[in-house]
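Results of the structural survey
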Amino acid sequence: MKTSETLEIDFTISPEAPIPLDKSTIVPIIFKVLAYEGIADEAFELHIQTYTSDAMQLLNAKTRGKDKTTNVLSFTYEGPNPTGRRLLGDIVICPDVII
C-alpha cells in the first residue's frame, strides 16, 4: 500500500470553498483510486485545486467548450518531471456543485 511519502499532493484551496478539503480527506480516496486502476507502487505527484462555481464554468468553457459549471475536471500530464516523481496531472474540484 502506498504511503503519504510516495504521493506528493499540491493543494490550492479556494478561500470561497464551502467545505474544507485537506490531505486527510483526499489522500485515502486517491489511494483507493490508484489501487483500483492497478497503478504500480511508485512516487506520484498530483495537483488538486478547488474552484468556485463561476471559475469552474470559465475553465469548463475554455477547456471543453461547455459554458456551464461542473463538479470535477481532470487533466492528465505526459512528459518528464524534474522532481523525478510521476506527475499524474491536475484535478479541479468545484465544491459548490458537489454538495
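Above this note sits the structure.
Within each chain, residue numbers correspond to sequence positions counted from 1 in written order. This being a predicted model, a pLDDT of at least 70 is required before a residue's local features are given, and a value of 80 or more before pairs of side-chain atoms are given or counted; all residues contribute to the totals for chains, interfaces and linings. Each side-chain value is derived from all of the structure's non-hydrogen atoms; neither hydrogens nor water enter the calculation.

1. Let's talk about the overall build of the chain
Put simply, the rule reads: Put simply, DSSP H or I for four residues or longer makes a helix, DSSP E for two residues or longer makes a strand, and each gets a number counted from the N terminus. Residue exposure (1.4 Å probe, protein chains only): buried if accessible area is under 20% of the type maximum, exposed if over 50%, otherwise partly exposed. By definition in these notes, contact holds between two residues if any of their heavy atoms fall within 4.5 Å. Surface exposure here means Shrake-Rupley accessible area, sampled with a 1.4 Å probe, where a residue is shielded only by the protein chains that are shown.
Within the chain, the regular secondary structure consists of three helices and four strands. Beginning at the N terminus, the succession of helices and strands in the chain can be written as β-α-β-α-β-β-α. Taking all 99 residues of the chain together, the buried fraction comes to 28%. Sequence-distant contacts, at least 24 apart, represent 64% of the contacts inside the chain between residues at least 6 apart. Per element, the accessible surface of the chain, about 6,300 Å² overall, is 55% carbon and sulfur.

2. Some points on the nonpolar core
Basically, it comes down to this: What is meant by a nonpolar core is a set of buried Ala, Val, Leu, Ile, Met, Phe, Trp, Tyr and Cys residues, joined one to another through side-chain atoms within 4.5 Å.
Counting residues in hydrophobic clusters, the biggest one holds seven residues: Ile26, Ile30, Leu34, Phe44, Leu46, Ile48 and Ile93. Elements that contribute at least two residues to this core include exactly α1 (23-37) and β2 (44-50). Met56, Leu59, Val92 and Cys94 belong to the second largest nonpolar core, which has five residues in total.

3. As for the environment of Ser74
Among the structural elements, Ser74 can be located in strand β3 (residues 72-76). Along the sequence, Ser74 and His47 sit 27 residues apart, while their C-alpha atoms lie 9.8 Å from each other. The contact partners of Ser74, leaving out residues within four places of it in the chain, are Asp90 and Ile91.

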